[in-house]
Structure formats: structure tokens, C-alpha cells
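Topology and contacts: notes
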Amino acid sequence: MALMEKTKPNTCYWESTLPSLDWHKHRSIEYWEYRKKWSELPNKQITTPFPIHIDIETTTVCNLLCPMCPRTIQIENGTFSDIGTMSMELYKKIIDEGSENGLCSVKLMSLGEPLLDEHIVERIKYAKEHGVLEIMFNTNATNLTEEMSHNILEAGLDSIFFSVDGLKEQYDKIRIGAHYETTLKNITNFLKIKNEGNYKHVQTRVGMVVLPGTEEILEEYTKFWLPKVGIVGFSEWVEYARGQDVKDDYDPNFACPQPFQRMFVLQDGICVPCCNDQERGYIIGDFNKNSIKEIWNGSRASSLRQSMIDGKWFNYNICKQCHFPRATKGS
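Residues numbered from 1 in each chain as written. Predicted model: local features only at pLDDT ≥ 70, side-chain atom pairs only at ≥ 80, totals over all residues. Heavy atoms only, no water.

So, the side chain of Glu 57
Mapped onto the elements of the fold, Glu 57 is located in the loop between strand E3 (53-56) and helix H2 (70-77). For the buried Glu 57, no salt bridge is present, and the opposite-charge side chain at shortest range is Arg 280, 4.6 Å distant. A polar contact is formed between the side chain of Glu 57 and the backbone nitrogen of Leu 111, at a distance of 3.3 Å. If near-sequence neighbours (up to four positions away) are discounted, Glu 57 is found in contact with Met 86, Met 109, Ser 110, Leu 111, Val 265, Leu 266 and Gln 267. (Helix = DSSP H or I, 4+ residues; strand = E, 2+ residues; numbered from the N terminus. Buried < 20%, exposed > 50% of the residue type's maximum accessible area, 1.4 Å probe, protein only. Lys, Arg positive; Asp, Glu negative; His and termini not counted. Salt bridge = Lys/Arg side-chain N within 4 Å of Asp/Glu carboxyl O. Polar contact = N/O pair within 3.5 Å; in protein donor to acceptor, adjacent residues only side chain to side chain. Contact = heavy atoms within 4.5 Å.)

Printed below as a string of C-alpha cells:
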């Protein structure tokens with residue numbers, strides 16, 4: 001296997017990457033300018049008048065009950081919001097506003113499985129037709145049929161991230177409702193279709209949550225997947241999701257990049273600031289009542305960013321839950 005590069009984009013995630021990725025060569029200048037902004041905005045602790053990226057939760061429907069997933073945990077304890085799918089009307093309203101304000105990328109998922117959204121192909125196509133540079137999502141790949149693979153690639157998908165927790169022995173215990181051989185076949189077929197078609201720009205990645213007992217397979221997992229997809233990612237499992245008290249200690253130099261880069265619009269239009277706020281603990285607005293631009297520049301989003309700048313993020317429970325003391329400003 002070729003030598004790999006290891007990076008740590010944030011405090012609870014790291015990845016291994018092949019030193020040369022073919023899709024890099026097939027992205028536009030505009031895309032790389034956007035990625036430069038992605039890094040510069042949080043490092044300089046500034047933002048643009050409109051978010052450069054929006055996570056859009058197109059559906060909260062999922063066919064699995066993975067024990068580490070916030071969705072599973074919230075369903076177990078009765079705190080999960082209504083299961084539903086975002087209307088195309090609301091979705092188009094987001095994309096239309098973004099198209100007028102320089103929106104660069106969208107991720108079409110949060111707590112649901114995007115391939116269970118009956119409108120997913122139409123959503124990808126609509127965003128691409130309206131100038132979005134990068135359209136992406138994570139998927140468990142259980143519904144990634146050959147037909148679906150062709151459809152999402154042809155619609156304009158730019159990046160796809162496969163969630164595959166462990167090798168076969170671990171996977172079948174963790175991904176409850178899925179089967180390793182089926183998932184592996186689906187991903188293999190997708191990669192074949194992508195590689196044989198005119199989709200050289202499409203980024204692929206496989207990732208897993210590092211649960212207790214899976215640490216010993218990380219090297220084998222990387223050796224298996226890295227040559228196939230180019231990037232292998234690992235997320236630390238955080239026990240707080242099951243209600244444990246968060247740490248009282250904090251690093252005053254910590255600053256989360258997300259409030260400077262992106263915002264999340266959930267399937268019913270409620271907006272939250274980051275990927276960690278699955279329980280809607282800090283709502284920054286409602287897209288049914290205000291525009292994205294108004295919410296992005298509103299008092300709640302602005303005060304969160306200012307707290308990051310002032311080193312007072314510990315006033316926010318969502319930040320306490322996400323934070324690890326080894327984090328550094330601008331990470």
C-alpha cells in the first residue's frame with residue numbers, strides 16, 4: 001500500500017489519506033477557493049455575510065439502530081423529534097437563497113439516511129443546477145443499489161462518505177439492521193460505476209466510530225479500505241451522548257470552527273449551529289419564519305461566535321459536550 005498521510009481536522013476526528021488523490025485534479029478553481037475560505041474563516045475568526053456551507057437534514061428516516069448514534073439514543077429515551085422528510089418546497093427555498101448569496105456547498109443529511117429520502121436525486125440535481133460547488137452526504141450504503149449509484153452520480157453528487165463501523169465481526173454487531181456483505185457489495189459496485197464513468201471528480205471516504213473494543217482493528221481496517229476509497233476516517237466515541245455529565249475542565253484556547261463556516265437546517269426548518277446539537281439545545285432560528293441570512297447574522301448565532309472569540313464557549317452546553325481539553329484555537 002502506498003504511504004499515507006495522517007491528518008486531524010478537529011478534536012474528535014482523524015483520517016488517513018493516500019498522498020495523491022485523483023479527484024483533486026478534477027475540481028474547479030472555484031472549489032479550491034471555497035476550501036481556502038473553509039480553513040481561513042475559523043482561523044481568523046471571521047465570517048462571511050452568508051454561510052459558505054449548509055447542512056440540510058433532508059430526512060430523519062433511518063433503517064438502522066446503531067447503538068452509538070444520537071438518533072438511536074434519543075429514540076430510546078423518548079427525546080427524538082418527529083420522524084419526517086423535508087418538503088421540496090422548503091428545500092428549494094434554501095437552495096434558491098443560497099444561490100443568490102454565494103453558497104458553496106451542502107451536505108444533505110444529519111440524523112437520517114439520505115438514500116431513504118425519495119427526493120434525494122432531485123435534490124442533488126436542483127442544487128447542482130443552482131450553482132452549488134460541492135454536494136455531499138454520509139450514507140450507511142445499505143440502499144446503495146446499482147440504479148441508485150448511477151442516479152446520484154448522474155444528478156451531480158460530488159462527495160460520498162460511507163459509514164462502515166468495523167470489519168465484518170464488529171460491523172454486524174454494531175450496524176444493527178445491516179449486513180456486512182451487502183454493504184461491501186454496494187460500495188464496491190458504486191466504486192466500479194464511478195471509476196468506469198465520467199465521475200473522476202467524485203470524492204469517496206469510508207469511516208467508522210471508534211467504539212470500545214475496536215481500537216485493535218484500526219490498522220487492518222485502514223489497509224483494507226484506503227486503497228479502495230483514498231480516505232479513511234475515524235471518529236472518537238463520546239459517552240456523554242447517553243447522559244453522562246460533561247467535563248468541568250476546559251481549554252481557554254479552544255474555538256470551534258463550525259459557527260464560522262456553516263449552519264444546520266433540520267428537516268422541519270429549525271436551525272442549529274453545529275453537528276453536535278442533535279437535541280436542538282441551542283436553536284439559532286426557524287427557516288419557516290426568517291431567511292438563512294437573517295438567522296446567520298442573528299443575535300443567537302452571532303453571540304455564539306463571539307463567545308468562541310472571547311474564550312467563553314464553556315457557557316454553552318453543546319460546546320462543553322463536544323470539547324476535549326487537548327483542542328486548540330482554529331483547529
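Picking up after the structure, the text goes on.
Focus: the pattern of salt bridges
The full count for this structure, using the stated rule, is 13 salt bridges. The closest approach of N and O atoms between Arg 262 and Asp 55, which form a salt bridge, is 2.9 Å. Taken as a pair, Arg 262 in strand E9 (residues 262-265) and Asp 55 in strand E3 lie far apart in primary sequence, 207 residues in all. Each of the two residues, Arg 262 as well as Asp 55, counts as buried.

Here we look at the layout of surface pockets
Taken as a whole, the second largest pocket holds about 250 Å³ of empty space. Taken together, 15 residues line the second largest pocket, and the ones lying closest to its centre are Asp 22, Lys 194, Asn 195, Lys 228 and Val 229. Secondary-structure elements contributing two or more residues to the lining of the second largest pocket are helix H7 (180-196) and helix H8 (218-229). The greatest single-element share of the lining of the second largest pocket, amounting to 3 residues, is contributed by H8. (1 Å grid on protein atoms, 1.4 Å probe; cavity = no way out; pocket = protein on both sides within 12 Å on 5 of 7 lines; lining within 4 Å. Points joined across faces, edges and corners; volume = space filled by probe spheres on them.)

Describing unusual backbone geometry
Even without being glycine, Gln 45 reaches a positive phi, approximately 55°. The topology assignment puts Gln 45 in the loop between helix H1 (29-44) and E3.

That is the geometry; function is a separate question.
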